[in-house]
Every structure is written in structure tokens, then in C-alpha cells.
Amino acid sequence: MKPCVEIFGFSKFLVSTFKKSEITYIMKSSIKVMVRVRPCLEGEDERLAVRVRDRQRLTITSNRNNTFECNFEDYVLTPSDDQKETFSRVKECVDSALGGFNATIFAYGQTGSGKTYTLFGKEGVDMEESSSRHSYLRGIAPRSIERVFEKLPKGTQVQASFLQVYNEHLYDLLLDPRMSRKLNVRSVRISLSSFTYS
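Notes on the structure follow. (Residues numbered from 1 in each chain as written. Predicted model: local features only at pLDDT ≥ 70, side-chain atom pairs only at ≥ 80, totals over all residues. Heavy atoms only, no water.)

Let us now look at the nonpolar core. Met34, Tyr75, Leu77, Phe87, Val90, Val94 and Ile140 together form the largest nonpolar core, which totals seven residues. Contacts of Ile140, omitting those with residues within four sequence positions, involve Thr86, Phe87, Val90, Ile105, Thr118, Leu119 and Phe120. Grouped together as the second largest cluster of nonpolar side chains are six residues, Val35, Val50, Leu58 and Phe72 included. (Core = buried A, V, L, I, M, F, W, Y, C linked by side-chain atoms within 4.5 Å. Buried < 20%, exposed > 50% of the residue type's maximum accessible area, 1.4 Å probe, protein only. Contact = heavy atoms within 4.5 Å.)

What follows is the structure in C-alpha cells.
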């Protein structure tokens, strides 16, 4: 049985340019943990699944009929919550990054739990097409990129990298979106202006 659950979260660091109410909110929640529960797929036993009790509680039933209740202070996204709702819960990370904060969004879960769908959207949908006809399918990454360009003044130069660590191998998803070539990392230097690998 595969549990129908994915955990994602983000962390932020403070700078002094935010309003008092924003600083209070960030200090109260500098690390958030949220859970997104996807619908069971065909062939999965719904009795052995994760059930959402409310926006902060889940019940997990194992194949031995053991039941566990999990409580989350931040938020639980239900199977009926769409990509737009999911992004609304993490878009402040994008705004924080634009304001000079370090921000991280990560997804964690076993194969098939919905990480790729949450982060990128429905597989096989052309991103150019998705901006109109399939916009509701876009995940956190394309929505974040769109938000960055909405918020930045016209003419702002942007440098970006899009790296993924998968099964302990590093991939450059801008150069090789199908992950057919592993990057050979000999040394890694991190600076404030860029991520450099050689």
C-alpha cells in the first residue's frame, strides 16, 4: 500500500524591511509544515489510507488496522484542494524571497505521493498551453515563476537555476528537463550571487 500523502514545508529568515504584522507572523511561523493528501488512485484500498479529519488533523490506517492520528499546527490540504489553493498557502515564500529573505519550499513523500504534481503540475501539459487552457493544473514552480515576473519591475534582469537532487544525483532541469544526464559534481561553491558547480 502507498500512503496517499505528501509533506511539504518551507523556511524563511527575517530582514528588517517587513511591516510589524508581517514580522510577527514570520517569527511565529518561520518554519511551516503542511500536508497535502491526494485522492486514492485506482487499485488503492481506501480503507488503508490517510483521512483528513480537519485542516489540522489526519487519521492514518495501516494494513494491520492500526489507526494513528497526526496533528499539524499549520495546515492540511485535502484531496479536493486544487493547485491554486496549494499555491496560496506557500506564495508568501516567493514574496519573502523578493523581499530579500532566504526561502525554501520542499516536497517530501514516497514515490507516487504527488510531489511532482504539487510542484510542477500535470505531467505532459505544455507549459505555454498551461498559461491559458490548462492554468488550473500548474503547480508551485510555474506559479512561483509567474509571480516573480508579476512583482518585479519591467526590465529587471533575472538569473535562475533549476537543480534537482534525485536518488543522490544532481540534475540541471533547465538544460535537461528529462533528467537524462547526471551532473558530475567535483566541487561546489556557493556565493551570494549564484550557485556555481564545476
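So that's the structure; there's more coming.
It is worth spelling out the sheet that holds strand 4 (residues 57-61) at this point. Taking strand neighbours across the sheet as the criterion, the three strands line up as 3-4-5 in an open arrangement whose pairing is antiparallel. Each edge of the sheet is formed by a strand with only one pairing partner; in this case those strands are strand 3 (50-54) and strand 5 (67-71). Taken over all neighbouring pairs, the strand axes of this sheet differ in orientation by 25° on average, direction set aside. Inspection of the sheet shows strand 3 paired to strand 4 by four bridges, in the antiparallel sense. Bridging across to strand 4, Val52 finds its partner in Leu58. (Pairing = 2+ DSSP bridges. Helix = DSSP H or I, 4+ residues; strand = E, 2+ residues; numbered from the N terminus. Axes fitted to C-alpha atoms, helices over the stretch in contact; angles between N-to-C directions.)

With that settled, consider the environment of Arg181. Mapping Arg181 onto the fold places it in the loop between strand 9 (169-172) and strand 10 (188-190). Remark: the alpha-carbon pair of Arg181 and Leu170, spanning 11 residues in sequence, is separated by 9.0 Å. Apart from residues no more than four positions distant in its own chain, Arg181 is found in contact with Tyr171, Leu175 and Asp176.

Let's shift gears to helix 3 (residues 91-98). Those residues of helix 3 that fall on the buried side of the exposure criterion are Cys93, Val94 and Ser96. Considered in projection along helix 3, the buried side chains sweep an arc of 160° and stay on one side of the axis. With its phi angle positive at about 105°, Gly100 sits one or two positions after the end of helix 3. (Arc of directions from axis to C-beta.)

In this section: the packing of aromatic side chains. Taken as a whole, this structure holds zero aromatic pairs when the rule is applied. Here Arg89 stacks its cationic end above the ring of Tyr75, 3.8 Å away from the centre of that ring. (Phe/Tyr/Trp six-rings, centres within 6.5 Å; stacked < 30°, edge-to-face > 60°. Lys NZ or Arg CZ within 6 Å of the ring centre and 35° of its normal.)

Attention now moves to the pairing of strand 9. Here strand 8 (residues 163-166) runs beside strand 9; their pairing, made up of four bridges, is antiparallel. Each bridged residue has a counterpart across the sheet, and for Tyr166 the counterpart in strand 9 is His169. Between strand 8 and strand 9, which pair antiparallel in sequence order, lie two residues; one of them, Asn167, sits at a positive phi of approximately 50°.

Positive phi outside glycine occurs at Asn167, with the angle close to 50°. Position of Asn167 among the secondary structure elements: in the loop between strand 8 and strand 9. Using a relative accessible area of 59% as the deciding quantity, one classes Asn167 as exposed. The phi dihedral of Glu168 falls on the positive side, at around 65°, and the residue is not glycine. Following the sequence through the fold, Glu168 ends up in the loop between strand 8 and strand 9. Accessibility expressed as a relative area gives 77% for Glu168, which makes it exposed.

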